[in-house]
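So the chains spell out like this:
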Amino acid sequence: MAQTTARLLDGQSVAAAIRESVLPEVHAFSARTGRPPGLGIVLVGDDPASEIYVRNKVRAGTESGLRVDLNRLPASASLDELLALVARLNASPVHDGILVQAPLPSAMGRGASQRVFDTIDPIKDVDGFHPVNVGKLVQGRAHLVACTPSGVIEMLQRSDIPIAGSRAVVIGRSEIVGKPMAMLLLQRDATVTICHSKTPDLAKTAAAADILVAAIGRAGFVTAEFVKPGATVIDVGINRVTDRAVADRLFPPGAARLADFDRRGSIVVGDVHPGVSDVAGALTPVPGGVGPLTIAMLLKNTVTAAQAAHP
Ligand code: GUN
């Protein structure tokens with residue numbers, strides 16, 4: 001078979017369309033209630049990747065007319081201090097959505113994230129991580145759904161990739177992406193398999209997929225042998241590569257991304273090996289694929305939460 005190159009699914013343009021659709025809702029809410037939908041973001045510590053994600057969330061929200069307040073706590077903050085901040089945001093009349101950026105500093109202890117997500121008022125839970133919202137998702141009556149997987153669904157739908165009747169394989173079973181992703185695909189009548197580190201014959205299982213979602217956090221893990229020719233491959237990974245030898249295993253000599261590496265000392269790559277573009281029918285790039293959708297869905301969820309709280 002002649003080699004083809006996968007159609008690239010442009011997350012920026014899909015995200016721009018979602019953000020545009022949110023604007024009139026923001027204006028209508030502001031006109032009706034006398035204030036914009038409000039989002040309280042909490043960032044604990046100074047993880048460099050989280051700094052960038054949070055900066056982008058603040059900027060995107062502000063550009064869309066939301067009130068966005070960034071609340072910072074030092075890495076040395078206790079879990080009790082963080083829970084007290086969440087309680088203040090729960091009680092705040094101007095914050096309709098609350099987002100506590102993950103991961104939390106490891107010093108907060110195991111289970112800290114879940115304690116925090118359990119404490120956020122479910123009606124303000126724009127991440128969709130509270131057990132009430134996860135339960136509603138599982139029961140097929142979702143209200144606020146995790147931003148990255150719901151962004152992937154928007155991407156598939158707006159790119160005319162059929163979900164109903166497809167075989168979908170999700171690699172990764174995190175609470176943030178893998179599990180809600182599988183549920184959303186199932187609800188749209190895909191036949192869903194969830195794979196993880198103990199799955200036997202992972203490549204073979206993945207290669208049955210019409211829609212393959214990679215959400216494992218390992219640079220270039222999904223290689224061409226994981227992919228059925230013509231399949232749609234969604235790359236959720238955001239991995240910073242700082243070792244030139246790793247970059248050399250991903251990109252051919254002379255590739256522009258290697259020149260990027262030499263200029264900056266690192267590059268961001270997905271969970272999908274670039275060679276997959278010779279096999280897949282459609283592929284999300286990293287960066288510029290799923291990342292912008294996560295932010296667009298956060299804005300949408302904030303407006304949804306605001307409208308639900310002020311019908
Ligand atoms: N860290 C990585 N992705 C996310 C996300 O969607 N929400 C939060 N709160 N933290 C994250």
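Residues numbered from 1 in each chain as written. Predicted model: local features only at pLDDT ≥ 70, side-chain atom pairs only at ≥ 80, totals over all residues. Heavy atoms only, no water.

Engineer: I'd love a proper account of unusual backbone geometry, names of residues and values included.
Structural biologist: The residue after A102, namely P103, is reached through a cis peptide bond having omega 0°. Structurally, P103 can be placed in the loop between strand 4 (97-100) and helix 4 (112-119). One non-glycine residue with positive phi stands out, namely D160, at about 60°. Inspection of the secondary structure assignment puts D160 in the loop between helix 6 (147-158) and strand 5 (167-171). The residue D189 is not glycine, and still its phi comes out positive at about 70°. Take D189: it is sitting in the loop between helix 7 (178-187) and strand 6 (191-195). (Helix = DSSP H or I, 4+ residues; strand = E, 2+ residues; numbered from the N terminus.)

Engineer: Mind laying out the pattern of salt bridges, listing which residues take part and the relevant values?
Structural biologist: Evaluation of the coordinates by the stated rule reveals twelve salt bridges. Taking the shortest distance from any N to any O, the salt bridge between E154 and R158 comes out at 2.8 Å. Taken together, the positions of E154 and R158, both in helix 6 and four residues apart, correspond to about one turn of that helix. E154 sits in the buried class, given a relative accessible area of 13%. For R158, a relative accessible area of 40% gives the class partly exposed. D210 is the salt-bridge partner of K228, the closest N and O atoms lying 2.7 Å from each other. A residue pair is termed long-range when its members are at least 10 positions apart, and K228 in the loop between strand 7 (211-214) and strand 8 (232-235) and D210 in the loop between helix 8 (202-206) and strand 7 qualify at 18 residues. Classification of K228 by relative accessible area gives partly exposed; the value is 29%. Owing to a relative accessible area of 28%, D210 belongs among the partly exposed residues under this scheme. Sharing partners across several salt bridges, the network here consists of E154, R158 and K300. (Salt bridge = Lys/Arg side-chain N within 4 Å of Asp/Glu carboxyl O. Buried < 20%, exposed > 50% of the residue type's maximum accessible area, 1.4 Å probe, protein only.)

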